[in-house]
Amino acid sequence: MNWDDTTDTSAGEGLAGPSAERLVDSVADGEDQAVEAALRPKDLDEFIGQEKVREQLDLVLRAARARGATADHVLLSGAPGLGKTTLSMIIAAEMGAPIRITSGPAIQHAGDLAAILSSLQEGEVLFLDEIHRMSRPAEEMLYMAMEDFRVDVIVGKGPGATAIPLELPPFTLVGATTRAGLLPPPLRDRFGFTAHMEFYEPAELERVIHRSASLLEVGIEPDGAAEIAGRSRGTPRIANRLLRRVRDYAQVKADGLITRDIAAAALAVYEVDERGLDRLDRGVLEALLKLFSGGPVGLSTLAVAVGEERETVEEVAEPFLVREGLLARTPRGRVATPAAWAHLGLTPPRSQTAGTGQQDLFGA
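Parameters and conventions
- Residues numbered from 1 in each chain as written.
- Predicted model: local features only at pLDDT ≥ 70, side-chain atom pairs only at ≥ 80, totals over all residues.
- Heavy atoms only, no water.
- Phe/Tyr/Trp six-rings, centres within 6.5 Å; stacked < 30°, edge-to-face > 60°.
- Helix = DSSP H or I, 4+ residues; strand = E, 2+ residues; numbered from the N terminus.
- Buried < 20%, exposed > 50% of the residue type's maximum accessible area, 1.4 Å probe, protein only.
- Lys NZ or Arg CZ within 6 Å of the ring centre and 35° of its normal.
- Salt bridge = Lys/Arg side-chain N within 4 Å of Asp/Glu carboxyl O.
- Pairing = 2+ DSSP bridges.
- Axes fitted to C-alpha atoms, helices over the stretch in contact; angles between N-to-C directions.
- Contact = heavy atoms within 4.5 Å.
- pLDDT = per-residue confidence, 0-100.
- Core = buried A, V, L, I, M, F, W, Y, C linked by side-chain atoms within 4.5 Å.

Undergrad: Please provide a residue-by-residue account of the packing of aromatic side chains, values included.
TA: With the rule as written, the count across this model stands at one aromatic pair. Consider the rings of Phe-149 and Phe-171, whose centres lie 5.5 Å apart with planes at 80°: the pair is edge-to-face. Residue Phe-149 is located in the loop between helix H6 (136–148) and strand E4 (150–155), and its partner Phe-171 is located in the loop between strand E5 (162–167) and strand E6 (172–177); the two are separated by 22 residues in the primary sequence. Here Phe-149 falls in the partly exposed class, since its relative accessible area comes to 21%. A relative accessible area of 1% means that Phe-171 is categorised as buried. When the ring centre of Phe-320 is taken as origin, the NZ or CZ atom of Arg-233, which lies over that ring, is 3.9 Å away.

Undergrad: Outline the pattern of salt bridges, listing residues and values.
TA: A full pass over the atoms with the stated rule returns 18 salt bridges. In this structure, the salt-bridge partner of Glu-227 is Arg-260, at a minimum N-O distance of 2.9 Å. Taken together, the residues Glu-227 in helix H9 (residues 222–229) and Arg-260 in helix H11 (residues 260–269) connect sequence positions 33 residues apart. With a relative accessible area of 13%, Glu-227 lands in the buried category.

Undergrad: Please set out the sheet that holds strand E3 (residues 125–129) residue by residue, giving values where relevant.
TA: Neighbouring strands of a sheet are bound in pairs by backbone hydrogen bonds; such pairs are parallel or else antiparallel. Read across the sheet, five strands follow the order E2-E3-E6-E1-E7 without closing on themselves; strand pairing throughout is parallel. Strands at the two margins of the open sheet, each flanked by one partner only, are strand E2 (99–103) and strand E7 (193–196). Between one strand and the next, the sheet's axes are offset by a mean angle of 15°, whatever the strand orientation. Of the pairings in the sheet, the one linking E2 to E3 comprises five bridges and is parallel in character. Residue pairing in the sheet places Arg-100 in a bridge with Leu-126 of E3. Sitting on the sheet, helix H4 (residues 84–95) touches strand E1 (74–77), E2, E3 and E6, and the angle it makes with E3 is about 175°.

Undergrad: Break down the side chain of Arg-245 for me, citing the residues and quoting the values.
TA: Counting through the fold element by element, Arg-245 comes out in helix H10 (residues 236–253). Overall, the relative accessible area of 13% leaves Arg-245 in the buried class.

Undergrad: I'd love a proper account of the confidence of the model for the protein, names of residues and values included.
TA: For residues with low pLDDT, the predicted coordinates do not support detailed interpretation. With 83% of its residues at a pLDDT of at least 70, the protein reaches an overall mean of 82. The low-confidence segment residues 352–364 (pLDDT under 50) makes 30 contacts with residues lying over four places distant or belonging to another chain.

Undergrad: Would you mind going over helix H13 (residues 299–306) in detail, with residue names and values included?
TA: Taken as a whole, H13 has its buried residues at Leu-299, Thr-301, Leu-302 and Ala-303. Positioned one or two residues after H13, Gly-307 has a phi angle of 85°, which is positive.

Undergrad: With reference to specific residues and values, describe the nonpolar core.
TA: Generally speaking, nonpolar side chains in soluble globular proteins are found buried as a group. Among the nonpolar cores identified, the biggest contains 48 residues, and Leu-57, Leu-87, Ile-209, Ile-220, Ile-228 and Ile-258 are the most heavily contacted of them. Top element by residues in this core is H10. It accounts for seven residues. Apart from the residues lying within four places of it in its own chain, the contact partners of Leu-57 are Leu-44, Val-74, Leu-87, Ile-91 and Phe-193.

Undergrad: Residue-level account of the pairing of strand E8 (residues 327–330), with values.
TA: As paired strands, E8 and strand E9 (residues 333–336) are joined by four bridges and run antiparallel to one another. Residue pairing in the sheet places Ala-328 in a bridge with Val-335 of E9. Adjacent in sequence and paired antiparallel, E8 and E9 are bridged by two residues.

Here it is in structure tokens:
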């Protein structure tokens, strides 16, 4: 059971409503954060999944402890909900050090970062979530802090400005990002260890669900855990959220034990199908297939047909549909794949180009 990331960088201002209401959203809300605090594993042995990352990180931490030194700076990248915050807390626990948690959007000025760095204790772990959203002046200050454990504080303005060097105690920076490509190379190169978090396999999610069910004192059968895992989009955070909703259903509609049938019935109530698609995902596919014969269709046209903002369709629904092979992005617009027709139980027409003249007016 490992998940994290309280900030969604991909969501625009228009996404707050639809994204926040989705049961399969990988971004943590207030309830998720409270539950995660109780369910998070405390060490690498408890952490489920990400086998290569765990093995590599274990070597880094063991070597640092053997040298009696602080661990190298660590960069964790990957989608929300895969365990970046959890791993940062485990790093601090394994090193026997306190942890300070902040985020890139909270650091808008170099002075904000200087205040945080100057208050760190020796060996402390600084977790910087969504590090790619930090302001450029703070980012440039971070270069020197990571490499030389020193920052220059500018006093005054103009020709009379003076740089006062401030020595910092050795610390470990753990940066987390959902968009590693947005990090400038000078910052990325200063991390001693970089890891990419992968989506989980269903078998790994089943282990996550069994562990969480045990901690929540929920009875669950193996086939019930498998049913939830198959609808969790490869993300532990979503698996645990679905588990809590299925638990509620089992307590009200059954005897509290989660079986495959109970899990399937509960998730049908919450409109999460067997592949993890929810109302928004299916709405996009249905509009693409039924109204536009499978495409190609422009994004703006598709968003109007679904009744959502363009950004909501592009940033909230499409990534999972593309990853599942149900939708493809092409220069001419969005196109449904044969798997999409099969998933909705529809038969594709002989020609999927009908109506493309109107769709091309709007562009992709």
